[in-house]
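What follows is each chain in one-letter form.
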Amino acid sequence: WQNNARIQTNSWGNQNLAGEYSSDSRSADSFLVDYPRFLVLFSAGDLAAGGITPPGTAKNVITVGASTTGSFDSTAEGSVASFSSRGTTADGRIKPDIVAPGVQICSARAEEAQQPAGWSCSSARHSGTTTPLYMSADGTSAAAPVVGGAALLARQFLRTELSISNPDSALIKAILIN
């Protein structure tokens, strides 16, 4: 917030508390009440029907599940991925709020990242090594940044095309979900 960030993605959660409204969920909600122009996204978790991982159970965040892509001979696009957490929270709210491509997503790879053979999505390599610069990954952790990018584009449109200088996060959330 202090450095003018207005959108944050988080690809982590506590699988031991699936479905619960945790202290981390409460902290996220508290922050967002104080800063209504800040948008926070959390990955839903990869527990299949096992429940949403907190803090994705927070009320004011966008919780992101994973959808299929059809990439690399995976399940055809358009379905919720079988591993993606979903369902109601312990207090009955429906989560995730939105799903985005989360199967075989090509992204940057750190030199030390471990990956099964055959998952490279590019022939580019780290300088002086055989380690690929990119890798494909499955998970709601890969889907959350996709929605983060869409949120940035929606915010930019509101600012530049509709002259809303500082759009409320609830408006961006509504645009994304609708």
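Residues numbered from 1 in each chain as written. Predicted model: local features only at pLDDT ≥ 70, side-chain atom pairs only at ≥ 80, totals over all residues. Heavy atoms only, no water.

Caption draft 1: Main features of the overall build of the chain. Within the chain, the secondary structure is distributed over 3 helices and 8 strands. Counting from the amino terminus, the chain carries its helices and strands in the arrangement β-α-β-β-β-β-β-β-β-α-α. The principal-axis extents of the C-alpha atoms in the chain amount to approximately 45 × 40 × 30 Å. Looking at the chain as a whole, 39% of its 178 residues are labelled buried. Of all intrachain contacts in the chain linking residues separated by at least 6 positions in sequence, the fraction that spans at least 24 positions is 66%. Accessible area for the chain stands at about 9400 Å²; split by element, carbon and sulfur atoms hold 50% of it. Across the chain, 12 positive and 14 negative side-chain charges occur, with their mean positions spaced 6 Å apart. (Helix = DSSP H or I, 4+ residues; strand = E, 2+ residues; numbered from the N terminus. Buried < 20%, exposed > 50% of the residue type's maximum accessible area, 1.4 Å probe, protein only. Contact = heavy atoms within 4.5 Å. Areas by Shrake-Rupley, 256 points an atom, 1.4 Å probe, with all protein chains shown as cover. Lys, Arg positive; Asp, Glu negative; His and termini not counted. Charge placed at Lys NZ, Arg CZ, Asp CG, Glu CD.)

Caption draft 2: Just the state of the cysteines, in detail. Enumeration according to the criterion identifies 1 disulfide in this entry. Here Cys106 is linked by a disulfide to Cys121, with a sulfur-sulfur distance of 2.0 Å. Where Cys106 bonds to Cys121 through sulfur, the torsion about that S-S bond is close to 75°, and the disulfide is right-handed. Of this pair, Cys106 sits in strand β7 (residues 105-108) while Cys121 sits in the loop between β7 and β8 (134-137), placing them 15 residues apart in sequence. We classify Cys106 as partly exposed; its relative accessible area is 41%. (Disulfide = S-S within 2.5 Å.)

Caption draft 3: Region of the structure containing unusual backbone geometry. That bond from Pro54 to Pro55 is cis: its omega, 10°, falls within 30 degrees of zero. Examined against the element boundaries, Pro55 turns out to sit in the loop between β2 (39-43) and β3 (62-67). Omega for the peptide link from Lys95 to Pro96 comes to 0°, which places this bond in the cis form. If you trace the backbone, Pro96 turns up in the loop between β5 (94-95) and β6 (98-101). Within the chain, Asn4 stands out as a residue other than glycine whose phi angle is a positive 70°. By the element assignment, Asn4 lies in the segment before β1 (7-10). Accessibility expressed as a relative area gives 61% for Asn4, which makes it exposed. Look at Ser163: it is not a glycine, yet its phi comes out positive at around 55°. Here Ser163 shows up in the loop between α2 (140-160) and α3 (169-177).

Caption draft 4: Expanded view of α3. Regarding α3, the residues found buried are Ser169, Ile172, Lys173 and Leu176. For α3, the arc enclosing every buried residue in end-on projection is 100°, short of the 170-degree limit, so these residues lie on one face. Its buried side turned inward, α3 meets β2, β3, β6 and α2. For α3, the N-terminal capping position is held by Asp168, with its side-chain oxygen 2.9 Å away from the main-chain nitrogen of Ala170. (Arc of directions from axis to C-beta. Polar contact = N/O pair within 3.5 Å; in protein donor to acceptor, adjacent residues only side chain to side chain.)

Caption draft 5: Inspection of the pattern of salt bridges at higher detail. According to the stated counting rule, one finds 3 salt bridges in the structure shown. Close ionic contact of Arg93 with Asp91 constitutes a salt bridge, the shortest N to O distance being 3.2 Å. The residue Asp97 makes a salt bridge to Lys95 at a minimum N-O spacing of 3.0 Å. (Salt bridge = Lys/Arg side-chain N within 4 Å of Asp/Glu carboxyl O.)

Caption draft 6: Examining the environment of Gly102 more closely. Looking at the secondary structure, you find Gly102 in the loop between β6 and β7. Classification of Gly102 as buried rests on a relative accessible area of 0%. Sequence spacing of Gly102 and Ile175 is 73 residues, and the spatial spacing of their C-alpha atoms is 20 Å. Sequence-distant contacts of Gly102, defined by excluding residues within four places in its chain, comprise Ala66, Ser67, Thr69, Phe83, Ala137, Asp138, Gly139 and Ala143.

Take it as geometry only, folks, not as evidence of what the structure does.
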